[in-house]
Amino acid sequence: MSFDRSIKIAPSILSADFANFGQEIQAIEAQGADWVHVDVMDGHFVPNLTFGPPAIKAFRPHVKTFMDVHLMIAPVDPYIQAYADAGADMIVAHVEAGPHPHRTLQAIKATGAKAGISLNPGTPANVIEHLLPLCDMVLVMSVNPGFGGQKFIPSSVDKVRQVREMIGDREIHIQVDGGVDPNTIGPLVKAGADCFVAGSAVFKGGSVDTPEVYGENIRALKAAAQAAQ
Ligand code: DX5
Ligand code: ZN
């Protein structure tokens, strides 16, 4: 995958119909999703539980774009290989998940997957300074992780700006995750983000029987992003 900083929408299947993941993934990709964002939660690092490696394996054949796996788990190192073997294209770990994020990123890169580091809203941008050489992406959380449908945290915009400055011209994506919608995406584009996770903003009002609603929602996000460029 060659690097480009064009606007990418990565719907989070945490907001999808849990009885129809295969169809939902096919629907969002047919309706314009650039990536598929998979939220892995362990009920320890975050107060919610979602997908183990077998679920990722089941999603894999349905994903034709790029499977972006967001590990909200601690410890994370013991599970990296299993998520890579299950088919993750990108594995994102939280800098707060343990004492050795540098080693975690080394382990992700060693699997051949792209490697990302995520910052919770309370974590300052400067903690990733020495991790950037190992990163393909920095994920700035704009909600406290654990659930979809939460309110966007406005200070995330300034953190994106700080991360963009730290990155300079390195080929590192900036992804934002949580409360992204047509009203919040513009300032994030201006601040330097290029990849946008959206759960409720994509899935709201649609279903596998009415996937065109997903297309309308994705187009509304892209239009708001392009208007800010
Ligand atoms: C939250 C997850 C997000 C969430 C986004 O812990 O990491 O990906 O699913 O959902 P919305 O877009 O509805 O905030
Ligand atoms: Zn996420």
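One can find the structure itself at the top, above this paragraph.
Source: prediction; values computed, not measured.

Cut-off values and rules
- Residues numbered from 1 in each chain as written.
- Chains lettered and ligands numbered in written order.
- Predicted model: local features only at pLDDT ≥ 70, side-chain atom pairs only at ≥ 80, totals over all residues.
- Heavy atoms only, no water.
- Donors = N, O, S within 2.8 Å, 3.2 Å for Na, K, Ca; no water.
- Helix = DSSP H or I, 4+ residues; strand = E, 2+ residues; numbered from the N terminus.
- Buried < 20%, exposed > 50% of the residue type's maximum accessible area, 1.4 Å probe, protein only.
- Near = heavy atom within 4 Å.
- Polar contact = N/O pair within 3.5 Å; in protein donor to acceptor, adjacent residues only side chain to side chain.
- Areas by Shrake-Rupley, 256 points an atom, 1.4 Å probe, with all protein chains shown as cover.
- Nonpolar A, V, L, I, M, F, W, Y, C, P; charged D, E, K, R; others polar.
- Core = buried A, V, L, I, M, F, W, Y, C linked by side-chain atoms within 4.5 Å.
- Salt bridge = Lys/Arg side-chain N within 4 Å of Asp/Glu carboxyl O.
- Pairing = 2+ DSSP bridges.
- Right-handed = clockwise from strand over helix to strand, strands pointing away.

**A closer look at the coordination of the zinc ion (ligand 2)**
Thinking step 1. On the protein side, the zinc ion (ligand 2) has H37 (NE2), D39 (OD), H70 (ND1) and D177 (OD) as donor atoms, found 2.0 to 2.3 Å from it.
Thinking step 2. Considered as a linear motif, the donors of the zinc ion (ligand 2) on their single chain read H-x1-D-x30-H-x106-D. Here D177 lies in strand β7 (residues 173–177) and D39 lies in strand β2 (residues 36–41), a separation of 138 residues in the sequence.
Thinking step 3. With a relative accessible area of 7%, D177 lands in the buried category.

**Quick look at the site of ligand 1**
Thinking step 1. Inspection of the region around ligand 1 gives 20 residues, with D39, G146, D177, G199 and S200 positioned closest.
Thinking step 2. Within the backbone of G146, one N or O atom sits 2.7 Å away from an oxygen atom of ligand 1.
Thinking step 3. Residue G149 places a main-chain N or O atom 2.8 Å away from an oxygen atom belonging to ligand 1.
Thinking step 4. Protein coverage of the free-state accessible area of ligand 1, which is 380 Å², stands at 100%.
Thinking step 5. Those elements that place two or more of their residues in the shell around ligand 1 are β2, β3 (67–72) and β8 (195–198).
Thinking step 6. By residue number, the principal contributor to the shell around ligand 1 is β2, which donates three residues.
Thinking step 7. Grouping the constituent residues of the shell around ligand 1 by class yields eight nonpolar, 10 polar and two charged.

**A word on the nonpolar core**
Thinking step 1. Grouped together as the largest cluster of nonpolar side chains are 75 residues, with contacts concentrated most on I13, V38, V138 and F196.
Thinking step 2. The leading source of residues in this core is helix α8 (residues 212–228), at six residues.
Thinking step 3. In this structure, A10, F66, M137 and V143 belong to the second largest nonpolar core, which totals 11 residues.

**Section: the pattern of salt bridges**
Pairing of side chains with opposite charge becomes possible as their charged atoms draw close.
Thinking step 1. Here the structure, examined in full by the defined rule, presents seven salt bridges.
Thinking step 2. K109 is paired through a salt bridge with D136; the nearest N and O atoms lie 3.0 Å apart. With a gap of 27 residues between them, K109 in helix α4 (residues 101–110) and D136 in the loop between β5 (114–119) and β6 (137–141) connect regions that are remote in the sequence.
Thinking step 3. For K109, a relative accessible area of 34% puts it in the partly exposed group.
Thinking step 4. Classification of D136 as buried rests on a relative accessible area of 14%.
Thinking step 5. One continuous salt-bridge network, built from bridges that share partners, spans D4, R5, K8 and D194.

**Quick notes on the pairing of β6**
Side-chain direction in a regular strand flips from residue to residue, so the side chains alternate between the two faces of the sheet.
Thinking step 1. The element β6 is extensively covered by neighbouring structure, given that five of its five residues are classed as buried.
Thinking step 2. Of the two faces of β6, the one lined by M137, L139 and M141 and the one lined by V138 and V140 are each fully buried.
Thinking step 3. As defined by bridge partners, β5 adjoins β6 across four bridges and the pair is classed as parallel. Following the sheet pairing, S118 is matched in β6 by L139.
Thinking step 4. Summarising the sheet, β6 and β7 pair through five bridges and their orientation is parallel. Each bridged residue has a counterpart across the sheet, and for V138 the counterpart in β7 is I174.
Thinking step 5. Taken together, β6, helix α5 (residues 156–167) and β7 form a β-α-β motif whose crossover is right-handed.

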